[in-house]
Amino acid sequence: MNVLISGAGVAGTTLAEFLTRSGHRVTIAERAPALRHTGYAVDFRGAAFDVLSELGILDAVREHDTKMTGTAIVDRDGVQTAELPAEAFAGELEVPKRVLNELLYALTADHVEYRFDTSITSLAQTEDAVTAHLTDGSAETYDLVFGADGVYSKVRQLAFAPHSEALHHLGLSGAGFTMPNFLGLDHSGLLRTVNDTAAYLFNSADPDRLTVSLSFGTPTGDLDRLPRAAQEAATRTAFAGDTWHIPRLLEAMSAASDFYFSSSAQVQVDQWSTGRIALLGDAGYCAAPAAGMGTSQALLGARSLARHLSVAEYPDAFAKYEAELRPYVTENQANGRAAAEMFGGAREE
């Protein structure tokens, strides 16, 4: 089959690799001008290791283990009150996100057609095919189209539901960036929650850098679509008047070249497929960043979808994929809601 995948993230590239092994021709359209390196670390749990092994990259991934230890929970004044084990944030194995992206790209680059700086503008399907129009001006007919293009999926928006219906905000938004490791953390983290804010700081791959996440309660995820200046302003307002290291962190935020902002949301749609179009990864069933299951869901979802397509045609393959993965996703989304409460709902009076 001739297949189009929107999104060159973990879900899209993993699906592309497995589909090409079954003899299909795969094109990946990626909106970014080059391979994405946003995000700081990804972790793996349970059956995700089996997928990495099937892909043939498990040993290479292990070579980049961040070797995180625990995370200290501190109070308003920075005094430790408890400690979370490494698995709470780093799973059974954690690596820098760019490492996984690069390994998957290297695995697929010689037999998958990548079209960077390109996204889908429209989809029209019949019983026999799907015609996709792309921002590069091309239009081509495909046997199947997959949306692996993240929380704000264009494929989902075009073929399933608008963002307002599919996205469920979990009351939490936050800024992320790196700065000099002024605390001297060594493969460890600090978590401080005060009222409806949370500061999570950790050191992993680079001993000289500190990764910072400043989260706060929000009624919607609208900040995601605003300019950086507005996102910074909202972050400053949320943490205004706080002490500890907060003023220094806010100052570093404005100077950071790797500033990143996102809201915690879940994706919920009634079905993950419609005709010859299907969703996977965060595009179809994001559990929330705080759940720590995005990478595992992407890997397992891609393998499940490819396996069912290798033995059955659509729509049967799509139905079996969803039946297999739905219970796993439902559990992860429940955990995601609980995790978001820990960051945005934890309060200190």
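Here the structure is a predicted model, which is why all the values come from computation and not from measurement. (Residues numbered from 1 in each chain as written. Predicted model: local features only at pLDDT ≥ 70, side-chain atom pairs only at ≥ 80, totals over all residues. Heavy atoms only, no water.)

Here the focus is the pattern of salt bridges. Across all of its chains, the model carries eleven salt bridges by this definition. Between glutamate 140 and arginine 25 there is a salt bridge, and its shortest N-O distance comes to 3.8 Å. Of this pair, glutamate 140 sits in strand 10 (residues 139-142) while arginine 25 sits in strand 2 (residues 25-30), placing them 115 residues apart in sequence. For glutamate 140, a relative accessible area of 22% corresponds to the partly exposed category. Arginine 228 is the salt-bridge partner of glutamate 232, the closest N and O atoms lying 2.7 Å from each other. Of this pair, glutamate 232 and arginine 228 both sit in helix 8 (residues 228-238), four residues apart, roughly one helical turn. Judged by its relative accessible area of 11%, glutamate 232 falls in the buried class. (Salt bridge = Lys/Arg side-chain N within 4 Å of Asp/Glu carboxyl O. Helix = DSSP H or I, 4+ residues; strand = E, 2+ residues; numbered from the N terminus. Buried < 20%, exposed > 50% of the residue type's maximum accessible area, 1.4 Å probe, protein only.)

Moving on: helix 2 (residues 48-55). Buried within helix 2 we find Ala48, Phe49, Val51, Leu52 and Leu55. Projected onto a plane normal to the axis of helix 2, the buried residues spread over an arc of 160 degrees and lie on a single side. Where the residues of helix 2 are buried, they touch helix 1 (10-21), strand 3 (41-44), helix 3 (58-62), strand 6 (93-96), helix 5 (97-108) and helix 11 (294-311). Note on helix 2: the residue one or two positions beyond its end, glycine 56, has a positive phi of about 85 degrees. (Arc of directions from axis to C-beta. Contact = heavy atoms within 4.5 Å.)

The next thing to look at is the pairing of strand 8 (residues 120-125). Pairing of strand 8 with strand 9 (residues 130-134), which is carried by five bridges, proceeds in the antiparallel orientation. Paired with isoleucine 120 across the strands is leucine 134, a residue of strand 9. Counting the residues in the hairpin turn of strand 8 and strand 9 gives four residues. (Pairing = 2+ DSSP bridges.)

Right, let's talk about helix 8 for a bit. Spacing of three or four residues puts side chains on the same side of an α-helix, whose turn is 3.6 residues. Taken as a whole, helix 8 has its buried residues at Gln231, Glu232 and Thr235. Each buried residue of helix 8 lies within a common arc of 100 degrees when the element is viewed along its axis, so the set occupies one face. Among the exposed residues of helix 8, those oriented more than 90 degrees off its buried face are Ala229 and Thr237. Looking at the buried residues of helix 8, the elements they touch are strand 12 (167-180), strand 15 (209-217), helix 9 (246-255) and strand 16 (260-267).

With that settled, the discussion passes to the packing of aromatic side chains. In the structure shown here, the tally under the stated rule is ten aromatic pairs. When the centroid spacing of 4.9 Å and the interplanar angle of 65 degrees are considered together, the rings of tyrosine 105 and tyrosine 114 count as edge-to-face. Its relative accessible area of 15% is what places tyrosine 114 among the buried residues. Positioned above the aromatic ring of phenylalanine 182, the side-chain terminus of arginine 248 is 4.1 Å from the ring centre. (Phe/Tyr/Trp six-rings, centres within 6.5 Å; stacked < 30°, edge-to-face > 60°. Lys NZ or Arg CZ within 6 Å of the ring centre and 35° of its normal.)

Remember that the coordinates give geometry; whether it matters functionally is a separate question.
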